[in-house]
Amino acid sequence: MKRSVITILTGLTLTILSTAPALALNQVANYSTGTPGAENYEHFSFWIKDNQVREIEYAYGKAGRLKPLTLKYLGHATLNGVRGFQVRFPNALVLTVLPQGQQLKVVDNKGKYAKTFNWEYEGPIDGKGTFCQPCTQDETTSMQLLSNYYFK
């Protein structure tokens, strides 16, 4: 009896999954360093659209004067044995993004730029603000997203 219930449930689950349309994944992992609203603030948004790497946005500066840029994903790179990826800015600057635990280490190839970025929560704080539907909801999910699409 127990075995036939499990068989029926497994068959039903497989039938539902095989007839369901593939879900398109549209998510963004946000990372930042510095103090939001201050001159030292920097922010990266790593977008996945339709299950593919789509867009990387970078912004820096004070609130109200943030300077947004769209970066080009250059693909995989390895630095000191750590697999990461590279991005190119509109001014041709290339940075390497590496996982460092739940954080991102972002460096240039000349040793002049090296910063650690933390996952950034995008949503209501103390009941103020709006919920960000495509945003990853914690640092673990965010790093998984990057691992599955950018670091892969």
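Think of each chain on its own: its residues are numbered from 1, step by step along the sequence as written. Residue-level local features of this predicted model are given only where pLDDT is at least 70; pairs of side-chain atoms are given and counted only at 80 or more, and the full residue set underlies all totals for whole chains, interfaces and linings. Hydrogens and waters are ignored; side-chain quantities use all the structure's heavy atoms.

Quick notes on the pairing of strand 4 (residues 67-79)
In this description, strands pair whenever DSSP reports at least two bridges between them. Strands here are runs of E lasting at least two residues and helices are runs of H or I lasting at least four, both read from the DSSP assignment and numbered beginning at the N terminus. Examined bridge by bridge, strand 3 (residues 52-60) and strand 4 share five bridges and lie antiparallel to one another. Looking at strand 4, one finds that Ala 59 is bridged to Pro 68. What sits between strand 3 and strand 4 in their antiparallel hairpin is a turn of six residues, with Gly 61 showing a positive phi close to 110 degrees. Summarising the sheet, strand 4 and strand 5 (residues 82-88) pair through seven bridges and their orientation is antiparallel. The partner of Leu 79 across the bridge, within strand 5, is Val 82. A loop of two residues connects strand 4 with strand 5, the two strands running antiparallel in sequence, and Asn 80 in this loop sits at a positive phi of about 50 degrees.

Description of the pattern of salt bridges
A carboxyl oxygen of Asp or Glu within 4 Å of a side-chain nitrogen of Lys or Arg is what we treat as a salt bridge. Per the stated rule, a full pass over the model turns up two salt bridges. Across the pair Arg 65 and Glu 39 runs a salt bridge, and its minimum N-O distance is 3.0 Å. Pair noted here: Arg 65 is in the loop between strand 3 and strand 4 and Glu 39 is in the loop between strand 1 (27-33) and strand 2 (42-49), with a separation of 26 residues, a long-range link. On the basis of relative accessible area, Arg 65 is assigned to the partly exposed category, the value being 47%. Looking at Glu 39, the relative accessible area reads 46%, which means it is partly exposed. Note that Glu 42 and Lys 115 form a salt bridge whose closest N and O atoms lie 2.3 Å from each other. Each residue is assigned to one of three classes by its accessible area relative to the maximum for its type, calculated with a 1.4 Å probe on protein chains only: buried under 20%, partly exposed between the two thresholds, exposed over 50%.

Examining the state of the cysteines
Put simply, a disulfide is two cysteine sulfurs that come within 2.5 Å. Counted by the stated rule, this structure contains one disulfide. The disulfide partner of Cys 132 is Cys 135, and the gap between their sulfur atoms is 1.9 Å. Its S-S torsion of approximately 65 degrees makes the covalent link between Cys 132 and Cys 135 right-handed. Residue classification places Cys 132 among the buried residues on the basis of a relative accessible area of 17%.

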